[in-house]
Amino acid sequence: MDKAETNNSNSLSFAQGLRDGLPICVGYFSVSFSFGILCVNLGLSPFIAGIISLTNVTSAGQFAGVRVMLAEATFMELILTQLIINSRYALMSLSLSQKITPGMPVWQRLLVAFANTDEIFAVAMHNKGYVPFLYMMGLELTPIFGWTAGTLAGAVASGLLPENIRSALGIALYGMFIAIVIPAAKEEKGAFWVVVFAIAASLSLTCVPYLNRISPGFQIIIATLVAAVAGAVLFPVENTEGEA
Amino acid sequence: MNIYAYIAAMAITTYLIRMLPLTLVQKPIRSRFLLSVLHYVPCACLTAMTIPAIFSSTAGIVSAAAGFIVAVLLALRGKGLVTVAVSACVVVFLTEQLMLYL
């Protein structure tokens, strides 16, 4: 970070944060809409679905989490699932800790950490210079609103939607996952093989007798670790700082 | 078990993952292996969650497969999240309507 860049921090206001968060908000609304539908299909109330989105603000984690919950799994399994699936946020928070205004007080860091999602992180890192506290608050506020409102809307609308529409919306979250994974796999040899390993591991765990008795949460954990560790051994990355 | 206890456990875990590095860790990670694992976790995890679950995410495996193929093709062409997700939904819907008349 050079000194000239840090001067831009002043223009990164709360209002600018809200504006930069708006496209994320719109995207989140459409994706969380299908999360709301999923929750209702799994037997949860719209209120519960909304609470989950408001308190977690994480697509993949919530998606796996509700399945683990409804399988009546242990707390350990639920926590482990979140740890593995959301471990990427640890790396993002680590990168973000270098990007926020130096000397930011701990109470502000505690708030900034709440909604450090993939997209919010990406936008924050895209700015020149250090990002101040109020900008981060604005940048997180609109997406949190979109994520929660979308979930509630989806959950409430679910009962009103005909079966064929609900069926079609069931694939939306997976479509988003594919849109994240494919470009990475296309660009990076390591990521390509990680995807191949993950498919192989996941299919083995769900199809092979005995292995398929492992609960869904642990299947995801095991497949993720196997593929990520294999990728790390075979294709170690040079320097991942700031590109998680 | 109480649903709120589950939600609290999930939310607190997720928050701690985001909060601890931001408040406690002052120096960057040095282990190349650990950095590499963390780097590959999103791809590995999203893939494991998608395959094979996507094929049972709709009313039938045929419409799900159609949606899957279209999503992969669009993603390969560099289309954005919302475009890919919405297109997959539309294809699933159209496939299921078509199948009604076959």
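Source: prediction; values computed, not measured.

Focus: the overall build of chain A
On a plain count of helices and strands, chain A comes out with 13 helices and zero strands. Taken from the N to the C terminus, the helices and strands of chain A come in the order α-α-α-α-α-α-α-α-α-α-α-α-α. Rg of the C-alpha trace for chain A: 19 Å, near the compact-globule value of 18 Å for 244 residues, within the 12% margin. Judged by the C-alpha coordinates and their principal axes, chain A covers about 60 × 50 × 35 Å. For chain A, the proportion of its 244 residues judged to be buried stands at 51%. Accessible surface computed for chain A: about 10,400 Å², of which carbon and sulfur atoms make up 69%. Averaging the coordinates of the 11 positive side-chain charges in chain A and doing the same for the 14 negative ones gives two points 2 Å apart.

Some words on the interface of chain B and chain A
Across the contact, 65 residues belong to chain B and 96 residues belong to chain A. Here chain B meets chain A over a buried area of about 7,000 Å², counting both sides, of which 76% is carbon and sulfur. Here chain B and chain A share one salt bridge between them. E238 of chain A is paired through a salt bridge with R32 of chain B; the nearest N and O atoms lie 3.1 Å apart. For the interface between chain B and chain A, the tally reads 21 residue pairs in polar contact (both at pLDDT 80 or more). When contributions to the side of chain B that touches chain A are tallied by element, the ones reaching two or more residues are helix 1 (3–23), helix 2 (32–50), helix 3 (61–76) and helix 4 (81–100) of chain B. With 18 residues, helix 2 of chain B is the single largest residue contributor to the side of chain B that touches chain A. Here the residues of the side of chain B that touches chain A sort into 49 nonpolar, 13 polar and three charged.

Focus: helix 12 (residues 189–207) of chain A
Residues and elements named next belong to chain A. For helix 12, spanning 19 residues, the distance from its first C-alpha to its last is 27 Å, which sits close to the expected 27 Å at 1.5 Å a residue. Among the residues of helix 12, those classed as buried are G190, A191, V194, V195, A198, A201, S202 and L205. Buried residues in helix 12, looked at end-on, bunch into an arc of 135°, giving them a common side. Exposed side of helix 12, more than 90 degrees from the buried face: K189 and C207 are the residues found there.

Here we look at the packing of helix 7 (residues 106–113) of chain A against helix 1 of chain B
Running from N to C, helix 7 of chain A and helix 1 of chain B point in directions that differ by 145°, and their axes come no closer than 8 Å. Taken as a pair, helix 7 of chain A and helix 1 of chain B cross one another with a handedness that is right-handed. Here V106, R109, L110, L111, V112 and A113 of chain A of helix 7 of chain A come into contact with helix 1 of chain B, specifically with Y15, R18, M19, L22 and T23 of chain B. Residue composition of the contact of helix 7 of chain A with helix 1 of chain B, grouped by class: eight nonpolar, one polar and two charged.

Quick look at the side chain of S59 of chain A
Structurally, S59 of chain A can be placed in helix 4 (residues 59–70). Once residues within four sequence positions are removed from consideration, S59 of chain A is found in contact with W147, L173, M176 and F177 of chain A.

Points about the domain arrangement of chain A
For an interface, size is often stated in terms of accessible area lost upon the parts coming together. Residue and element names in this part refer to chain A. Each assigned domain of chain A is listed with its residue range as follows: domain 1 (7–169) and domain 2 (188–234). Each side of the interface is counted separately: domain 1 has seven residues, and domain 2 has seven residues. Carbon and sulfur atoms make up 85% of the surface buried where domain 1 meets domain 2, a total of about 620 Å² over both sides. Contact with domain 2 buries area across many residues of domain 1, yet E77, L80 and I84 alone supply 63% of it, more than any other trio. There are zero salt bridges connecting domain 1 and domain 2. The interface formed by domain 1 and domain 2 includes zero residue pairs in polar contact (both at pLDDT 80 or more). Broken down by secondary-structure element, the contributors of at least two residues to the side of domain 1 that touches domain 2 are helix 4 and helix 5 (75–85). In terms of residue count, helix 5 provides more of the side of domain 1 that touches domain 2 than any other element does, five residues in total. Within the side of domain 1 that touches domain 2, the residues separate by chemical class into five nonpolar, one polar and one charged.

Cut-offs and rules
- Residues numbered from 1 in each chain as written.
- Chains lettered and ligands numbered in written order.
- Predicted model: local features only at pLDDT ≥ 70, side-chain atom pairs only at ≥ 80, totals over all residues.
- Heavy atoms only, no water.
- Helix = DSSP H or I, 4+ residues; strand = E, 2+ residues; numbered from the N terminus.
- Rg over C-alpha atoms; globule rule 2.2 N^0.38 Å.
- Buried < 20%, exposed > 50% of the residue type's maximum accessible area, 1.4 Å probe, protein only.
- Areas by Shrake-Rupley, 256 points an atom, 1.4 Å probe, with all protein chains shown as cover.
- Lys, Arg positive; Asp, Glu negative; His and termini not counted.
- Charge placed at Lys NZ, Arg CZ, Asp CG, Glu CD.
- Contact = heavy atoms within 4.5 Å.
- Buried area = accessible area lost by both parts, 1.4 Å probe.
- Salt bridge = Lys/Arg side-chain N within 4 Å of Asp/Glu carboxyl O.
- Polar contact = N/O pair within 3.5 Å; in protein donor to acceptor, adjacent residues only side chain to side chain.
- Nonpolar A, V, L, I, M, F, W, Y, C, P; charged D, E, K, R; others polar.
- Expected span 1.5 Å × (residues − 1).
- Arc of directions from axis to C-beta.
- Axes fitted to C-alpha atoms, helices over the stretch in contact; angles between N-to-C directions.
- Left-handed = near helix turned anticlockwise from the far one by under 90°.
- Domains from an automatic or database assignment.

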